[in-house]
Amino acid sequence: MSRPIIITGAAGFIGRNVVAALNARGCTNLILVDLLGTDDKWRNLRGLEFEELVSPEKFLALAEAQRAPRPDAVIHLGACSATTERNADFLLENNTHYTRRLCEWTLGHNARFVYASSAATYGDGAQGYRDAEDGLTALRPLNMYGQSKHLFDLWARRHGLFNRIVGLKYFNVFGPFEDHKADMRSLVHKAYGQILSRGWLELFESDRPDYAHGAQKRDFIYVQDAVEVTLHFTDHRDTGGLFNCGTGQARTWLDLARALFAAMGRKPDIRFIPLPPALRGKYQYFTQADTAKLRDVGGYSRPFTSLEEGVRDYVLTHLQHTGDGALPS
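A brief look at the structure comes next. In this text, all values refer to a predicted model and were calculated from it rather than measured experimentally.

## Notes on the pairing of strand β4 (residues 73-76)
Within a regular strand, the side chains alternate between the two sheet faces.
Part 1 of the reasoning: Burial of the side chains of β4 extends over both faces: Ala 73 and Ile 75 are buried on one face and Val 74 and His 76 on the other.
Part 2 of the reasoning: Where strand β1 (residues 5-8) and β4 come together, four bridges link them in parallel fashion. Across the sheet, residue Thr 8 finds its bridge partner in β4, namely His 76.
Part 3 of the reasoning: Sheet analysis places β4 next to strand β5 (residues 112-116), joined by four bridges and oriented parallel. Opposite Ile 75, over in β5, you have Val 114 as the bridge partner.

Spelled out as structure tokens, the structure:
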């Protein structure tokens, strides 16, 4: 049997879709690493084929005791992804230190290491969204989640690892199997439930004079595209570095909302609510991936799904069939 591919965060949003894509290739020699907890995240694993499912703590203990199988590749997507998490020590241990230990173990076996960084590392975007390693020290994340990801990026650069590993700065990913993410779900999922239950959806007001309400922009990327980028770098092992995983086209929250109403066959009814105090000064008003490095250095040539196409596919192939997102009556 070939060496296994190890996927951390495998029952999570992007992880689950990566596992499904590997299964579609006929790859089932997979070791899944995740905590299922007491919610319904376990449902994401239904229908998938794999060899083993272990907790992050147990897997790392096995690896460092040289009892884990030698991997072909490690796709490290596991992390606390809550941008509102305030326990800095927890984020440092879970997102930074764990990643360092797993990376060192992987490279010790000369295996491929692809990991999730984040567009949150860019902070307010004052330094732009160019994924160059030489610009890392200038970045100032707006929250500890972004900082915990940024610290690993800095460590990898300081130790000269970006010729051997790949970090992906995922932008605003949306799509099937995110319903377990609670407040970290995409607006598509949240708003789908609002529209079913109330007939309308809410967007945050702008508290900046240079942005109209709903005109804040993000780089929205459909999860299938995020998976394709991830597996591209798992396959192409002659390339290393940090790469943006976004479409390169910023769209407004109003664009997303209108695309959702259209996919649901309804007339738009959009209402605005004040930006919560906890997000003031920490809210990104504009994100847009610079994709030049991804295309030119990374060699990724596939076109990205448009926002409208992605939202429509998500609604018609998943949300309408599962009922995900519906609010309690």
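## A look at the side chain of Asn 95
Part 1 of the reasoning: Position of Asn 95 among the secondary structure elements: in helix α3 (residues 88-108).
Part 2 of the reasoning: You can call Asn 95 buried: its relative accessible area is 1%.
Part 3 of the reasoning: Not counting residues within four places of it along the chain, the set of residues in contact with Asn 95 comprises Ala 79, Cys 80, Phe 90, Tyr 145 and Ser 148.

## Observations regarding unusual backbone geometry
Part 1 of the reasoning: Positive phi values are uncommon outside glycine, yet Gln 66 reaches one of about 60°.
Part 2 of the reasoning: With respect to the helices, strands and loops of the structure, Gln 66 is situated in the loop between α2 (56-64) and β4.
Part 3 of the reasoning: Residue classification places Gln 66 among the exposed positions, given a relative accessible area of 56%.

## Some points on the pattern of salt bridges
Part 1 of the reasoning: Counted according to the given criterion, the structure contains 13 salt bridges.
Part 2 of the reasoning: Close ionic contact of Arg 43 with Asp 40 constitutes a salt bridge, the shortest N to O distance being 3.7 Å.
Part 3 of the reasoning: A relative accessible area of 35% means that Arg 43 is categorised as partly exposed.
Part 4 of the reasoning: Since its relative accessible area comes to 45%, Asp 40 is described here as partly exposed.
Part 5 of the reasoning: Its salt-bridge partner being Glu 64, residue Arg 101 comes within 2.8 Å of it at the nearest N-O pair. Placement of the pair is Arg 101 in helix α3 and Glu 64 in helix α2, with a sequence separation of 37 residues.
Part 6 of the reasoning: With relative accessibility at 41%, the residue Glu 64 sits in the partly exposed group.
Part 7 of the reasoning: Because the salt bridges share partners, they merge into one network encompassing Arg 251, Asp 255 and Glu 308.

## Side note on the environment of Val 223
Part 1 of the reasoning: The residue Val 223 is located in helix α6 (residues 223-235) in this model.
Part 2 of the reasoning: Along the primary structure Val 223 and Asn 110 are separated by 113 residues, whereas in three dimensions their C-alpha atoms are 29 Å apart.
Part 3 of the reasoning: With residues up to four places along the chain from it excluded, the contact list for Val 223 reads Phe 13, Ile 14, Asn 17, Val 173, Phe 174, Gly 175 and Pro 176.

## A short note on the packing of aromatic side chains
Part 1 of the reasoning: Overall, the coordinates contain 16 aromatic pairs when judged by the stated rule.
Part 2 of the reasoning: Note on Phe 59 and Trp 105: the rings are 5.6 Å apart at their centroids and 90° apart in plane angle, and the pair reads as edge-to-face. Here Phe 59 is found in helix α2, whereas its partner Trp 105 is found in helix α3, with 46 residues between them in sequence.
Part 3 of the reasoning: What makes Phe 59 buried here is its relative accessible area of 2%.
Part 4 of the reasoning: Residue classification places Trp 105 among the buried residues on the basis of a relative accessible area of 7%.
Part 5 of the reasoning: Positioned over the ring face of Tyr 122 is Lys 169, at 4.2 Å from the centre of the ring.
Part 6 of the reasoning: Across the ring face of Trp 200, the terminal group of Arg 198 is positioned such that the distance to the ring centre comes to 5.3 Å.

About the thresholds
The numbering scheme is per chain: residues are counted from 1 as the chain's sequence reads. Only residues with pLDDT of at least 70 are given local features in this predicted model, and only at 80 or more are side-chain atom pairs given and counted; all residues enter the totals for whole chains, interfaces and linings. Hydrogens are left out, water is left out, and the side-chain values use all remaining heavy atoms of the structure. Only protein chains enter the accessibility calculation, which uses a 1.4 Å probe; a residue whose area is less than 20% of its type maximum is buried, one above 50% is exposed, and one in between is partly exposed. Elements are defined by DSSP. Helices are runs of H or I of four residues or more, strands are runs of E of two residues or more, and each kind is numbered from the N terminus. Two strands qualify as a pair provided DSSP detects at least 2 bridges between them. Only heavy atoms enter the contact rule, under which two residues are in contact if any of them lie within 4.5 Å. The term salt bridge refers to a pairing of a side-chain nitrogen on Lys or Arg with a carboxyl oxygen on Asp or Glu at a separation within 4 Å. Working definition: rings of Phe, Tyr and Trp (its six-membered ring) pair if their centres are within 6.5 Å, and the pair is stacked with planes under 30 degrees apart, edge-to-face with planes over 60 apart, and tilted otherwise. Here, over-ring charges are defined by two tests on the NZ atom of lysine or the CZ atom of arginine: distance to the ring centre within 6 Å, and angle to the ring normal within 35 degrees.

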